[in-house]
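Structural overview
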Amino acid sequence: MAWRSADRAATKVHMTIDIDHVADATPDLREAMLDRLREAVPEAFVDGKLDVVNLASLAGEATDTAAERYGLTWPGKREAIAMLQAPTRATLAPDRAESTNFDKAEHVFIEGENLEVLKVLHRSYQGRVKLIYIDPPYNTGKDFIYPDDFADPLDRYLRITGQKDAAGDLLTSLPERSGRFHSNWLSMMYPRLSHARQLLREDGFIVVSIDDAEQANLVRLMDEVFGEENRVAVLVYDRNRKNDAKLFSVGHEYMVVYARNKAWLKESGVKLRAPKEGVEEVRAEFDRLRDIHGSDWTKIRADLISYYNTFEDEDPRLPLARFNKVDEKGPYRDDGDVSWPGGGGPRYRISHPVTRKPVKQSVRGWLYPTRKRFIEMCAAGRIVFGPDEKTVPAIRSNLFEADTQVMHSVTFSYAQTATQQFNAIFDNKKVFDNPKSYADLERLVRYLSEPGDIVLDFFAGSNTTLHGVLRANIGERTPRRGIAVQMAEPIEAGSESGNNALALGLKTLADVSRERIRRVLAEAEHKNTGANVRCFKIAASNTQRWKGVQERTVEAYQAQLDAFMDTLTPGWKVEDVIWEVALREGYSLTSRVEPVAVPGGGTFHRVTDPERGWSFMIGLDDALTFEQVRSLGLSRDDLFVCRDTALDDTLAANLALQCRLKVI
Ligand SMILES: C[S@@+](CC[C@H](N)C(=O)[O-])C[C@H]1O[C@@H](n2cnc3c(N)ncnc32)[C@H](O)[C@@H]1O
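Residues numbered from 1 in each chain as written. Predicted model: local features only at pLDDT ≥ 70, side-chain atom pairs only at ≥ 80, totals over all residues. Heavy atoms only, no water.

1. Topic: the domain arrangement of the protein
Looking at the assigned domains, one finds that the protein contains domain 1 (6-24 + 543-663), domain 2 (29-65), domain 3 (91-273 + 407-539) and domain 4 (279-405). For domain 3 versus domain 4, the distance between C-alpha centres works out to 43 Å. (Domains from an automatic or database assignment.)

2. Comments concerning the side chain of Asp 621
Inspection of the secondary structure puts Asp 621 in the loop between strand 22 (614-619) and helix 20 (626-631). Notably, Asp 621 is buried but unbridged: the nearest opposite-charge side chain belongs to Arg 643, and the N-O separation is 6.5 Å. Among the polar contacts listed, one links the side chain of Asp 621 to the side chain of Thr 603, at a separation of 2.7 Å. (Helix = DSSP H or I, 4+ residues; strand = E, 2+ residues; numbered from the N terminus. Buried < 20%, exposed > 50% of the residue type's maximum accessible area, 1.4 Å probe, protein only. Lys, Arg positive; Asp, Glu negative; His and termini not counted. Salt bridge = Lys/Arg side-chain N within 4 Å of Asp/Glu carboxyl O. Polar contact = N/O pair within 3.5 Å; in protein donor to acceptor, adjacent residues only side chain to side chain.)

3. Quick look at the confidence of the model for the protein
Summary statistics for the protein give a mean pLDDT of 89 and a share of 93% for residues scoring 70 or more. Long-range and interchain partners of residues 1-13, a stretch whose pLDDT sits below 50, account for 28 contacts in this model, where long-range means more than four residues apart. The model gives residues 166-173 a pLDDT under 50, and that stretch makes 16 contacts with residues more than four places away or in other chains. (pLDDT = per-residue confidence, 0-100. Contact = heavy atoms within 4.5 Å.)

4. A short note on the packing of aromatic side chains
Under the definition given, this model contains 19 aromatic pairs. Taken together, a centroid distance of 5.9 Å and an interplanar angle of 45° make the contact between Phe 226 and Tyr 258 tilted. Here the residue Phe 226 occupies a position in helix 7 (residues 215-226), and Tyr 258 occupies one in strand 9 (residues 252-259), the gap between them amounting to 32 residues. When sorted by exposure, Phe 226 lands in the same class as Tyr 258, which is buried. Ring centres of Tyr 587 and Phe 616 lie 4.9 Å apart, and the angle between their planes is 80°; on these two criteria the pair is classed as edge-to-face. Of this pair, Tyr 587 sits in the loop between helix 19 (574-584) and strand 20 (592-596) while Phe 616 sits in strand 22, and the two are 29 residues apart along the sequence. Take Tyr 587 and Phe 616: they sit in the same class, and that class is buried. Three or more aromatic residues link up through ring pairs in this structure, and these residues are Tyr 348, Trp 366, Tyr 368 and Phe 374. Arg 283 extends its terminal NZ or CZ atom over the ring of Phe 400, reaching a point 4.4 Å from the ring centre. When the ring centre of Tyr 332 is taken as origin, the NZ or CZ atom of Arg 396, which lies over that ring, is 3.5 Å away. (Phe/Tyr/Trp six-rings, centres within 6.5 Å; stacked < 30°, edge-to-face > 60°. Lys NZ or Arg CZ within 6 Å of the ring centre and 35° of its normal.)

5. Looking at the state of the cysteines
All chains considered together, the criterion is met by zero disulfides. The cysteine Cys 642 is free of any disulfide, with Cys 659 supplying the nearest cysteine sulfur at 8.4 Å. A residue is classified by how much of its surface remains accessible, and Cys 642, at 0% relative accessible area, is buried. (Disulfide = S-S within 2.5 Å.)

6. Quick notes on the nonpolar core
Generally speaking, soluble globular proteins have nonpolar side chains that are buried together. One finds Ile 110, Leu 193, Ile 206 and Leu 589 to be the most contacted residues of the largest nonpolar core, which totals 73 residues. The element that contributes the greatest number of residues to this core is helix 6 (residues 181-199), accounting for eight residues. Here this core spans two domains, and each of domain 1 (6-24 + 543-663) and domain 3 (91-273 + 407-539) adds at least three residues to it. For Leu 589, the residues in contact, after removing those within four places along its chain, are Leu 92, Val 108, Ile 110, Leu 121, Tyr 125, Arg 534, Phe 536, Trp 579 and Leu 583. Core analysis: the second largest hydrophobic core is formed by 43 residues, Leu 265, Phe 422, Val 431 and Ala 484 among them. (Core = buried A, V, L, I, M, F, W, Y, C linked by side-chain atoms within 4.5 Å.)

7. Overview of the sheet that holds strand 13 (residues 383-384)
In a beta sheet, neighbouring strands are held together by backbone hydrogen bonds and run either parallel or antiparallel to one another. On the basis of which strands lie adjacent, the open sheet formed by four strands has the order 11-12-14-13 and antiparallel pairing. Of all strands in the sheet, those bounded by a partner on one side alone are strand 11 (325-327) and strand 13. The sheet contacts of helix 10 (residues 297-308) involve strand 11 and strand 12 (330-336), and relative to strand 11 the element is tilted by about 135°. (Pairing = 2+ DSSP bridges. Axes fitted to C-alpha atoms, helices over the stretch in contact; angles between N-to-C directions.)

In structure tokens:
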């Protein structure tokens, strides 16, 4: 891009040199999408414009030109798409005071409106997030649905959260009888889900909690955004029984799971497995009994069965009680069916190991396709024979060898337990209503992500997901990295949770969210992991944009030009500008910023992103000298960013030849 732009024609011009500008807004996604399409199918463009009928026929799809079409539509969908595509000039400002150890932290908390934040994160995290979990407002008629504002999204957010003068009177719930009840919710969700999809890795997953109010709409919407072929499961979480219900006690909610690319997961042979619940506890009990009884298997078995008898009726560990025999390999069961499921399986001769006579076969044929495989299983100790050939053999499974399983689609997880566990973090005081269970989130995070992966929640609420990530990291060498986004929704006095939160000095839900994580990080088990969180807040850009003049007079233009000699806003802070540049250049929020000493003591910094292996230098002084620039030792591939006003023509020419120069 030429250094000289129309807006800034009157500012200083380095005549013949092309110097790039640091972008002053997030990319225009619509343009980027059209560019990709133009590149892939140039024939679909007629006279420079996309011709959808052409595109469909090139793709071999019949175009439905009739008024009636299959699909999800609602009043306001067009505006929702416009919201999704509109670039933002917002940025994120570091908030050291709220962080636990800003410079060392691997987890990130962002206070801000999530659509704006998702746009800001786009360049840095596109295609990098392994798991997104969100628990958006369920649209029950009592919750707050964020009213997006196309004209000035950041301004709307600052007004709503009371950070600007005007009254926060927009912060009301949406009553069910109001028009556009479902439409407003869909319009709110659509752009956020669409951005979420762009952040996911090819092997990534998104999980969305919801209840009956919008479950059906959510699935249709996600079918549209993620593709029906990428729907993985609709999980049911039984949260409680409502005995006062008039018709049915509907006490469950859902988690809707989509993959970014399910076909890819299939091709790659991905199999998800979770540890069987309670196996570690049985292992501890087995080790204890071994210490007491040595190799007296009769006594160990008797005590193990007594231990199993302590499991209550709805205890998820109950299936483990079937492993009620024991030897040096631990508890086992030997009643597995060795016949072909459904019948018609292979038939071959197997001899009894003692009588040497052919054993009785199951009427359904053997489970293993060949005799060779059967004999291998015998050699591995997996087949148990009866006293003679008259009994059909059975399969043996050892509890400690088969200690993982695929996750069930139904989970019993009582809301009351989740609330009690959450309250315990705040000295048994309720400061937030209806938190999710951190144990459920820990299980989900373990199931759908690996150590080192990025996990994002942009409706963080009380920050249950980050808590789950921290728990899943215990004992891991490489931590999963959590990113949480929560707006500064003001807390109102009047409710039990509101009064308790305000008494602790927590004025917004973002305060509750941060305070929860600080408290969790101070617990011994987390302290040992050395985990930390760095906090950011959404903020207006540090750069000014040419606004034009009210009066078309020479004086008015001159005054504007003077004000725009420096593109940075009055009162800008070095660290804020560095982070804005880093984000516009696509650096991770866990990047390191270190001062670099130069002759004459200027404020130069090196920004390094260890996650991407990138770095750049930035100097924000009013004027730069040759000595300073030389001392940086910049080479052709190095990116160096400085203020436009700090360069004279000679220095600009030198720098542009020496490195990748960008100006603000
Ligand atoms: C249902 S709660 C999430 C609860 C969370 N799962 C937990 O366990 O605490 C949804 C949260 O999203 C927040 N929220 C709603 N709209 C938002 C927006 N546009 N940007 C950021 N946060 C938003 C609300 O303030 C609320 O705290």
